[in-house]
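# Remarks on the overall topology
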Amino acid sequence: MTDDVRNIVLGVIAAGLSASLGWLARTYLWRRRLRRKQAFFGLPGNSECVLVVNREAGGDGAVHRHDVFALLELSALIKDCQAHAQIVSHDGTQQGFGERTEFCVGGPVSNRRMAAHLQSLLPGVKINTDPEPGPDRAAFQVGSERYRLESGVAEHVLLARLTGGQDARPVFLFCGQRAITNQAASRYLARNYEKLQRKHRNNSFVLLLKVVNTHAYGPDVVEVIGDVTRAAQAPLPAAPPASHRAAG
């Protein structure tokens, strides 16, 4: 074997080893990222979860198109985790909390399951469900603060990840003042789950988000008002809160 042939053979072997090591490293990083994502969403491979859908306010069982878009966002997340989703109606869900990962979309008016979760898991949250027009219609009260709906300008949504124990599967709540805010919250979760996992690990959290100027930007411009976990999980104060316009 000449020196030139030997060098070519060694070069091919070195290139093959380098490619193999690179593939192994990428595979390891991909699997680690997948495991973290599965842990955050409570969706190990081939597991099952439920998507709890609401009905459009005033409709006959119809789902608002923005809530459909929210379900599509969540379905992509579930597929990425190599899990399977079952879609169930808000009034046809009777499973306990923590048995399977649950994604619950919609406010308490259109989603009975959401109303039950708010009552049992987030006693510090009160939502004005009065159908009559008024400045406090659909307003959120979280602890001692109230957040009014300014349609098309500033609209609010609660994004929550709640667990009942170390081995319990989480429930994710997307509870907005309008359907477009549910879509905004699901998109925010899809884009920022890694940051949320680093900050909260796999613990419970409740975020209050503000969706800005939906008339112009749709569900894409979202601001975080704050982490309201403590206030949302504590009973409401006896004294009436002071109303104010949307917080910035």
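Residues numbered from 1 in each chain as written. Predicted model: local features only at pLDDT ≥ 70, side-chain atom pairs only at ≥ 80, totals over all residues. Heavy atoms only, no water.

### Things to note about the pairing of strand E1 (residues 48–53)
Burial runs high along E1: five of the six residues are buried. Two elements, E1 and strand E2 (residues 84–89), share six bridges in a ladder whose sense is parallel. From the neighbouring strand, leucine 51 faces E2, where its bridge partner is isoleucine 87. Both E1 and strand E3 (residues 101–105) contribute to a ladder of four bridges, which runs parallel. Opposite leucine 51, over in E3, you have phenylalanine 103 as the bridge partner. (Buried < 20%, exposed > 50% of the residue type's maximum accessible area, 1.4 Å probe, protein only. Helix = DSSP H or I, 4+ residues; strand = E, 2+ residues; numbered from the N terminus. Pairing = 2+ DSSP bridges.)

### A closer look at the packing of aromatic side chains
Inspection of every chain in the model, using the stated rule, returns seven aromatic pairs. The interplanar angle of 55 degrees and the centroid separation of 5.9 Å between the aromatic rings of phenylalanine 40 and phenylalanine 172 together place this pair among those described as tilted. Note that phenylalanine 40 is positioned in helix H1 (residues 3–41) and phenylalanine 172 in strand E8 (residues 171–176), a separation of 132 residues in sequence. Each ring, one from phenylalanine 41 and one from tyrosine 193, has its centre 5.6 Å from the other, and the planes form 50 degrees; the classification is tilted. Taken together, the residues span a long stretch of sequence, with phenylalanine 41 in helix H1 and tyrosine 193 in helix H4 (residues 179–200) at a distance of 152 residues. (Phe/Tyr/Trp six-rings, centres within 6.5 Å; stacked < 30°, edge-to-face > 60°.)

### Regarding the environment of valine 53
Inspection of the secondary structure assignment puts valine 53 in strand E1. By relative accessible area, which is 11% here, valine 53 ends up buried. A sequence separation of 36 residues divides valine 53 from serine 89, and the C-alpha atoms of the two residues are 5.2 Å apart. Not counting residues up to four positions away in its chain, the partners in contact with valine 53 are Leu71, Ile87, Val88, Ser89, His90, Val105 and Asn111. (Contact = heavy atoms within 4.5 Å.)

### What about the sheet that holds strand E6 (residues 145–147)?
Spatially, E4-E5-E6 is the arrangement adopted by the three strands of the open sheet, whose pairing is antiparallel. Each having just a single partner strand, strand E4 (125–127) and E6 make up the two edges of the open sheet. Taking the axes of each pair of neighbouring strands and ignoring which way they run, one obtains an average angle of 20 degrees across the sheet. (Axes fitted to C-alpha atoms, helices over the stretch in contact; angles between N-to-C directions.)

### Some remarks on the pattern of salt bridges
Scanning the model with the defined rule gives 11 salt bridges in all. Here arginine 100 makes a salt bridge to glutamate 48, at a shortest N to O gap of 3.6 Å. Placement of the pair is arginine 100 in the loop between E2 and E3 and glutamate 48 in strand E1, with a sequence separation of 52 residues. Residue arginine 100 is classed as partly exposed on the basis of its relative accessible area, which comes to 24%. Here glutamate 73 ties to arginine 187 by a salt bridge, and the two come within 2.8 Å at their closest N and O atoms. In this pair, glutamate 73 is assigned in helix H2 (residues 65–80) and arginine 187 in helix H4, connecting sequence segments 114 residues apart. What you see here is one network of salt bridges that share partners, running through Glu73, Arg187, Arg191 and Asp220. (Salt bridge = Lys/Arg side-chain N within 4 Å of Asp/Glu carboxyl O.)

### Focus on the nonpolar core
The nonpolar side chains of a soluble globular protein tend to be buried with one another. Among the nonpolar cores identified, the biggest contains 29 residues, and Phe40, Phe41, Leu43, Phe103, Phe174 and Leu189 are the most heavily contacted of them. Put simply, the parts of the chain that give this core at least two residues each are H1, E1, H2, E3, strand E7 (154–162), E8, H4 and strand E9 (205–212). At six residues, the largest contribution of residues to this core is made by H4. (Core = buried A, V, L, I, M, F, W, Y, C linked by side-chain atoms within 4.5 Å.)

### Focus on the environment of isoleucine 127
Mapping isoleucine 127 onto the fold places it in strand E4. With a relative accessible area of 16%, isoleucine 127 lands in the buried category. Along the sequence, isoleucine 127 and glycine 107 sit 20 residues apart, while their C-alpha atoms lie 8.6 Å from each other.

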